[in-house]
Amino acid sequence: MKATYHKYILNFKRPSGTSRGVMNEKETWFIVIEENNRKGIGECGILRGLSADDRDDYEEKLQWCCNNIHLGETALWEALLEFPSIQFGVEMAFRSLHSKTPFLLFPSPFTTGEESIAINGLVWMGEPEFMKQQIVEKLATGFRCIKLKIGAIDFDKELELLGFIRSHFSPEEIEIRVDANGAFSLDTALNKLIQLNVYKLHSIEQPIKQHNIQAMANLCQTTPFPIALDEELIGVFTLQEKEVLLQNIKPQYIILKPSFIGGFRGTQEWITLAEKYNIGWWITSALESNIGLNAIAQWTFLQNNIMPQGLGTGALYTNNFDCPLEVTQGQLWYNPDLNWQIDIDTL
């Protein structure tokens with residue numbers, strides 16, 4: 001058995017904005033395992049400036065992982081505890097290696113095209129007219145759950161955009177989620193939540209920056225509508241640390257990005273704890289290529305969560321890999337009649 005790693009730069013079709021800034025490209029890494037004339041591929045979906053493993057020794061750790069691939073999936077996962085994106089890539093690569101084909105990782109009614117996954121339509125930050133244009137497009141293409149990135153433009157203009165949706169669609173017709181990416185200050189967050197509540201939102205992700213544990217706990221206790229933790233989960237590695245965090249903050253929801261929290265195994269730990277404490281959850285991709293998105297989607301289907309999931313970012317890039325994933329009427333489908341347009345040997 002041997003393994004290699006490969007860097008790949010994904011280029012956005014248009015600059016994509018969050019409260020942390022505007023992105024024009026996205027770095028990702030692939031691990032390829034070879035054994036007995038078979039190959040498996042996994043994606044290490046790091047997001048610079050946000051991932052817990054955004055470290056100077058990241059590539060060094062990838063090389064160590066490839067040099068020690070003979071240790072096997074479980075031993076490597078445990079040794080890579082502080083490198084969650086590499087944990088995910090290793091899990092995916094081993095699953096790919098031992099699957100019937102490199103990209104059919106978790107066979108199910110999803111991969112046969114019989115069933116789909118409900119997803120939210122993501123509206124990126126930008127000028128109000130650009131955001132409004134995205135909203136109109138998402139609604140016209142059948143989405144029934146819209147997620148808006150907020151916190152980067154004037155707050156009153158963001159409220160106007162929410163008002164625009166609600167003037168045309170009731171909460172029963174369109175579910176609205178908002179994601180602040182930690183943009184609200186500690187002293188204004190509750191007031192902003194009260195103002196947002198007028199628009200009957202489903203939830204808000206990460207209203208304040210992570211690591212303000214007591215402030216977030218207070219918000220979760222007093223908020224007029226549900227709060228979902230997102231960035232708060234990044235860098236929380238052990239099962240004990242995860243449980244303490246949920247016990248202290250008591251959020252209404254948690255959002256699970258496998259690339260950020262240790263792959264399938266790390267995500268499953270969060271799900272088990274969330275259900276223990278009656279906390280809702282859903283799974284979200286984190287700007288991976290279609291290779292990573294494919295693995296996340298197939299695994300997500302098996303979790304039987306009927307809430308809209310945060311999947312379907314593959315159309316953001318000019319140089320993504322053509323794959324069987326399709327979005328129709330707010331649902332993510334796997335079309336088994338379509339083939340992957342990728343040669344692992346050319347990465």
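Residues numbered from 1 in each chain as written. Predicted model: local features only at pLDDT ≥ 70, side-chain atom pairs only at ≥ 80, totals over all residues. Heavy atoms only, no water.

Looking at an unreviewed UniProt entry, one finds the protein chain named Mandelate racemase, with Flavobacterium hydatis as its source organism.

Caption draft 1: Representation of the overall build of the protein chain within the structure. Within the protein chain, the regular secondary structure consists of ten helices and 13 strands. Here the protein chain has a C-alpha radius of gyration of 20 Å; the compact-globule value for 347 residues is 20 Å, and the two agree. The buried share of the protein chain, taken over its 347 residues, is 56%. Pairs at least 24 residues apart make up 69% of the contacts formed inside the protein chain by residues separated by at least 6 positions. (Helix = DSSP H or I, 4+ residues; strand = E, 2+ residues; numbered from the N terminus. Rg over C-alpha atoms; globule rule 2.2 N^0.38 Å. Buried < 20%, exposed > 50% of the residue type's maximum accessible area, 1.4 Å probe, protein only. Contact = heavy atoms within 4.5 Å.)

Caption draft 2: Quick look at the pairing of strand β13 (residues 331-334). Residues of β13 alternate between two faces, with L332 and Y334 buried on one and Q331 and W333 left unburied on the opposite face. The sheet contact formed by strand β4 (residues 117-118) and β13 spans two bridges and is antiparallel. Within β13, the residue paired with A118 across the bridge is Q331. Two elements, strand β12 (residues 325-328) and β13, share four bridges in a ladder whose sense is antiparallel. (Pairing = 2+ DSSP bridges.)

Caption draft 3: Focus on the domain arrangement of the protein chain. Each assigned domain of the protein chain is listed here: domain 1 (2-98) and domain 2 (109-334). Counting residues at the interface gives 33 residues for domain 1 and 40 residues for domain 2. Carbon and sulfur atoms supply 66% of the area buried between domain 1 and domain 2, which totals about 3,100 Å² over both sides. Applying the counting rule to domain 1 against domain 2 returns one salt bridge. For the salt bridge of R265 with E78, the shortest nitrogen-to-oxygen distance reads 3.5 Å. Counting across the domain 1 and domain 2 interface gives 13 residue pairs in polar contact (both at pLDDT 80 or more). Among the elements of the structure, β1 (2-18), β2 (21-35), β3 (38-44), α2 (73-79) and α3 (84-97) are those that each provide at least two residues to the side of domain 1 that touches domain 2. (Domains from an automatic or database assignment. Buried area = accessible area lost by both parts, 1.4 Å probe. Salt bridge = Lys/Arg side-chain N within 4 Å of Asp/Glu carboxyl O. Polar contact = N/O pair within 3.5 Å; in protein donor to acceptor, adjacent residues only side chain to side chain.)

Caption draft 4: Main features of the pattern of salt bridges. Taken as a whole and judged by the stated rule, the model has twelve salt bridges. The shortest N-O distance in the salt bridge between K242 and E269 comes to 2.7 Å. Placement of the pair is K242 in helix α8 (residues 239-249) and E269 in helix α9 (residues 263-276), with a sequence separation of 27 residues. The burial state of K242 is the same as that of E269; both residues are buried.

Caption draft 5: Summary view of unusual backbone geometry. A positive phi angle, near 40°, is found at Q206, a position not held by glycine. Although it is not a glycine, K250 adopts a positive phi angle of roughly 55°. Turning to its location among the elements, K250 is positioned in the loop between α8 and β10 (253-256). Since its relative accessible area comes to 56%, K250 is described here as exposed.

Caption draft 6: Region of the structure containing the sheet that holds β4. Here we have three strands laid out as an open sheet, ordered β4-β13-β12, and antiparallel in their pairing. Strands with a single pairing partner mark the edges of an open sheet, and in this sheet they are β4 and β12.

Caption draft 7: Up close: helix α7 (residues 213-222). Within the sequence span of α7, burial applies to M216, A217, L219 and C220. Taken around the axis of α7, the buried residues stretch over an arc of 160°, which confines them to a single face. Facing away from the buried side of α7, by more than 90 degrees, are the exposed residues Q214 and Q221. Elements that come into contact with the buried residues of α7 comprise α6 (189-196), β9 (227-229) and α8. (Arc of directions from axis to C-beta.)

Caption draft 8: Just the state of the cysteines, in detail. On inspection of all chains with the given rule, the structure shows zero disulfides. In this structure C66 is not part of a disulfide, and its nearest cysteine sulfur, from C65, lies 5.6 Å away. As a non-bridged cysteine, C323 has C44 as the owner of its nearest cysteine sulfur, 18 Å distant. (Disulfide = S-S within 2.5 Å.)

Caption draft 9: Spatial organisation of helix α10 (residues 290-301). In this model, α10 (twelve residues) spans 16 Å end to end at C-alpha, consistent with the 16 Å of a helix rising 1.5 Å per residue. Turning to α10, its buried residues are N290, I291, G292, L293, N294, A295, I296, A297, Q298, W299, T300 and F301. (Expected span 1.5 Å × (residues − 1).)

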